[in-house]
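# Structure at a glance
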Amino acid sequence: MEPLVFRSRIDPWLAAVTFGPVVLASGMVVRRAIVTQRAPGVVLIATFGVALGLLLWVFLATTYRITSRDLLVRSGPLRITVPLSEIGRVRRTRSVLSAPALSLRRLEVSYGKHSQVVISPADEEGFLTALRERAPGFELSASEP
């Protein structure tokens, strides 16, 4: 069975809040370097480069892959494997807690005894349909306000 890949929905305001401070701080460093005519330190440049690289990795590579056996959540360096046979409940949520989700329109996937992962597939209905086909035993809870 071919794996199905779903990209994360991205809220523009979340991208602005995430990238804004890094871009602003980088601009301040460049401005200071121009005014003082001194090059910023290698460590400072490397720090902003790493921060920007990590943010780009997360925003460009957050995906949810449904295979025949697992839901694979990938978000930058984060890797979570959820066995489809262990998914008990999926519910819509707008939780602001940190998660591999780039939107506040989210799905909370509960699995195992007490584990859960919060995701935000751009094609939510397509994701739920594919999940129902491959993990038919889960309960879809009512929408959260």
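Residues numbered from 1 in each chain as written. Predicted model: local features only at pLDDT ≥ 70, side-chain atom pairs only at ≥ 80, totals over all residues. Heavy atoms only, no water.

It is worth spelling out the nonpolar core at this point. Among the nonpolar cores identified, the biggest contains 22 residues, and Leu71, Ile87, Phe127 and Leu131 are the most heavily contacted of them. Taken together, the elements giving at least two residues each to this core come down to β2 (63–66), β3 (70–75), β4 (78–83), β5 (87–93), β6 (106–111), β7 (115–119) and α3 (124–134). Considering every element that reaches this core, the biggest residue donor is α3, with four residues. Leaving out residues up to four positions away in the same chain, Leu71 has contacts with Tyr64, Arg65, Ile66, Ile80, Thr81, Val82, Leu84, Val109 and Phe127. (Core = buried A, V, L, I, M, F, W, Y, C linked by side-chain atoms within 4.5 Å. Buried < 20%, exposed > 50% of the residue type's maximum accessible area, 1.4 Å probe, protein only. Helix = DSSP H or I, 4+ residues; strand = E, 2+ residues; numbered from the N terminus. Contact = heavy atoms within 4.5 Å.)

Moving on to the pattern of salt bridges. Here the structure, examined in full by the defined rule, presents five salt bridges. With its nearest N and O atoms 2.6 Å apart, the salt bridge here joins Glu124 to Arg92. Of this pair, Glu124 sits in helix α3 while Arg92 sits in strand β5; the two residues are 32 residues apart in sequence, bridging distant segments of the chain. Put simply, Arg105 and Glu124 hold a salt bridge, and the shortest N to O gap is 3.6 Å. With Arg105 in the loop between β5 and β6 and Glu124 in helix α3, this pair connects stretches of sequence that are 19 residues apart. We classify Arg105 as partly exposed; its relative accessible area is 43%. The exposure class of Glu124 is buried, given its relative accessible area of 5%. (Salt bridge = Lys/Arg side-chain N within 4 Å of Asp/Glu carboxyl O.)

Further remarks concern the layout of surface pockets. To find the voids left in a structure, one rolls a probe of water-molecule size over its atoms. Computed from the structure, the largest pocket encloses a volume of approximately 240 Å³. Forming the boundary of the largest pocket are 16 residues, of which Ser98, Ala99, Ala101, Leu102 and Arg106 lie nearest the centre. Of all the secondary-structure elements, those providing two or more residues to the lining of the largest pocket are α1 (12–36) and α2 (42–60). When residues of the lining of the largest pocket are assigned to their parent elements, the largest contribution, three residues, is made by α1. (1 Å grid on protein atoms, 1.4 Å probe; cavity = no way out; pocket = protein on both sides within 12 Å on 5 of 7 lines; lining within 4 Å. Points joined across faces, edges and corners; volume = space filled by probe spheres on them.)

Here we take up the packing of α1 against α2. Running from N to C, α1 and α2 point in directions that differ by 160 degrees, and their axes come no closer than 11 Å. Classified by the angle between their axes, α1 and α2 sit roughly antiparallel to one another. Both α1 and α2 take part in a crossing whose hand is left-handed. Contacts between α1 and α2 pair Leu14, Ala15, Thr18, Phe19, Val22, Ala25, Ser26 and Val29 from the former with Leu44, Phe48, Ala51, Leu52, Leu55, Leu56 and Phe59 from the latter. (Axes fitted to C-alpha atoms, helices over the stretch in contact; angles between N-to-C directions. Parallel < 35°, antiparallel > 145°, perpendicular 65-115°, else oblique. Left-handed = near helix turned anticlockwise from the far one by under 90°.)

Moving on to the sheet that holds β4. The sheet built from four strands is open, its strands ordered β1-β2-β3-β4 with antiparallel pairing. The strands lining the two open edges of the sheet, one partner per strand, are β1 (4–7) and β4. The mean angle between the axes of side-by-side strands here comes to 15 degrees, regardless of whether they run parallel or antiparallel. Relative to β2, β1 is paired through four bridges, and the arrangement is antiparallel. Bridge pairing links Val5 to Arg65 in β2. (Pairing = 2+ DSSP bridges.)

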